[in-house]
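For reference, the chains in residue letters:
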Amino acid sequence: MEKKREDRRSKYTRMIIKDSFLNLLKEKSYDKISVSQICKNSEITRTTFYLHYSNLDDVLLETLEEALEISKISMNFEKSSTNIFIDNDVIPLCQRTATNPKYNVLFLDPILSDYIAKRLYAYEKKERIKQLQEVFKLTKFEAEKIYTFVFFGSFAVNKSLEWIKNDNWDKTQNLIKDFIKYGLLKKNL
């Protein structure tokens, strides 16, 4: 029973640290945040922080992983395995994560943007390349290049729209999907 209390307490402390980290990101860029500031906002000691994390990068990594898992779970498994390249009802993982109000701030930080893009790219790369190969009859090389183009291009467009879902965002997403869909379908004709 004592171990469960420690686990619960540890989870709570980690949650407080991550929440404090996200709140600080709303005020300043990643490179301006310190462990001391997180400790102050979390009302914990530095010793407590270092019992749970080695450094600020560990907090970032765990926060991003949590955001990805929540976003992946939030969409029913069957739907997430449908074709994001042609199905207008399916929102890619990066967009689901970035438009989550709790984690949106991660995507707005200019220091973190490239790091997050690379992590997200790797997170779904294998699944999406396989999907492109199957649906559009592409070689692995072709599928990887299309996925790279689609992912980083869409990421850049979403970043320019500040990840805000509105009419402009919807129109842009549909335009990109139509561009991909008709371009790849034409290849197979």
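The rules behind the values
Residues numbered from 1 in each chain as written. Predicted model: local features only at pLDDT ≥ 70, side-chain atom pairs only at ≥ 80, totals over all residues. Heavy atoms only, no water. Phe/Tyr/Trp six-rings, centres within 6.5 Å; stacked < 30°, edge-to-face > 60°. Helix = DSSP H or I, 4+ residues; strand = E, 2+ residues; numbered from the N terminus. Buried < 20%, exposed > 50% of the residue type's maximum accessible area, 1.4 Å probe, protein only. Lys NZ or Arg CZ within 6 Å of the ring centre and 35° of its normal. Contact = heavy atoms within 4.5 Å. Axes fitted to C-alpha atoms, helices over the stretch in contact; angles between N-to-C directions. Parallel < 35°, antiparallel > 145°, perpendicular 65-115°, else oblique. Left-handed = near helix turned anticlockwise from the far one by under 90°. Salt bridge = Lys/Arg side-chain N within 4 Å of Asp/Glu carboxyl O. pLDDT = per-residue confidence, 0-100.

Chemist: Could you give an account of the packing of aromatic side chains, naming the residues involved and the relevant values?
Modeler: Inspection of the entire model under this criterion finds 13 aromatic pairs. Measuring from ring centre to ring centre gives 5.7 Å for Y121 and F151, while their planes differ by 65 degrees; the resulting arrangement is edge-to-face. Remark: F151 occurs in helix 9 (residues 140-160) and Y121 occurs in helix 8 (residues 113-136); sequence separation between them is 30 residues. We note that Y121, like F151, is buried. Seen from their ring centres, F149 and F179 are 6.4 Å apart, and the 50 degrees between their planes marks the pair as tilted. Of this pair, F149 sits in helix 9 while F179 sits in helix 10 (residues 167-187), placing them 30 residues apart in sequence. The exposure classification of F149 matches that of F179, with both residues exposed. The rings of F107, Y121, Y147, F151, F152, F155 and W163 are connected pair by pair, giving a single aromatic cluster. The ring centre of Y53 lies 4.4 Å from the NZ or CZ of R14, which sits over that ring.

Chemist: Report on the side chain of S154, specifying residues and quantitative values.
Modeler: Locating S154 in the fold gives a position in helix 9. For S154, a relative accessible area of 12% gives the class buried. Those residues in contact with S154 that lie beyond four places of it in its chain are F149 and I176.

Chemist: Could you give me a rundown of the packing of helix 8 against helix 9, with the residues and numbers involved?
Modeler: Between helix 8 and helix 9, the shortest axis-to-axis distance is 9 Å and the interhelical angle comes to 140 degrees. As judged from the angle between their axes, helix 8 and helix 9 are oblique. In this structure, helix 8 meets helix 9 at a crossing whose hand is right-handed. On helix 9, the residues that touch S113, I116, A117, K118, L120, Y121, E124, K125, R128, I129, L132 and Q133 of helix 8 are K140, A143, E144, I146, Y147, T148, F151, F152, F155 and K159.

Chemist: Tell me about the pattern of salt bridges, and please be specific about residues and values.
Modeler: Overall, the coordinates contain 9 salt bridges when judged by the stated rule. Linking R128 and E127 is a salt bridge whose minimum nitrogen-to-oxygen distance equals 3.4 Å. One salt-bridge network, held together by shared partners, links R14, K18, D19, E62, E66 and K102.

Chemist: An account of the confidence of the model for the protein is requested, with residue identities and associated values reported.
Modeler: On average, residues of the protein score 84 in pLDDT, and 83% of them are at 70 or above. Note that residues 76-81 has pLDDT below 50 and, in this model, 7 contacts with residues that lie over four places away or in other chains.

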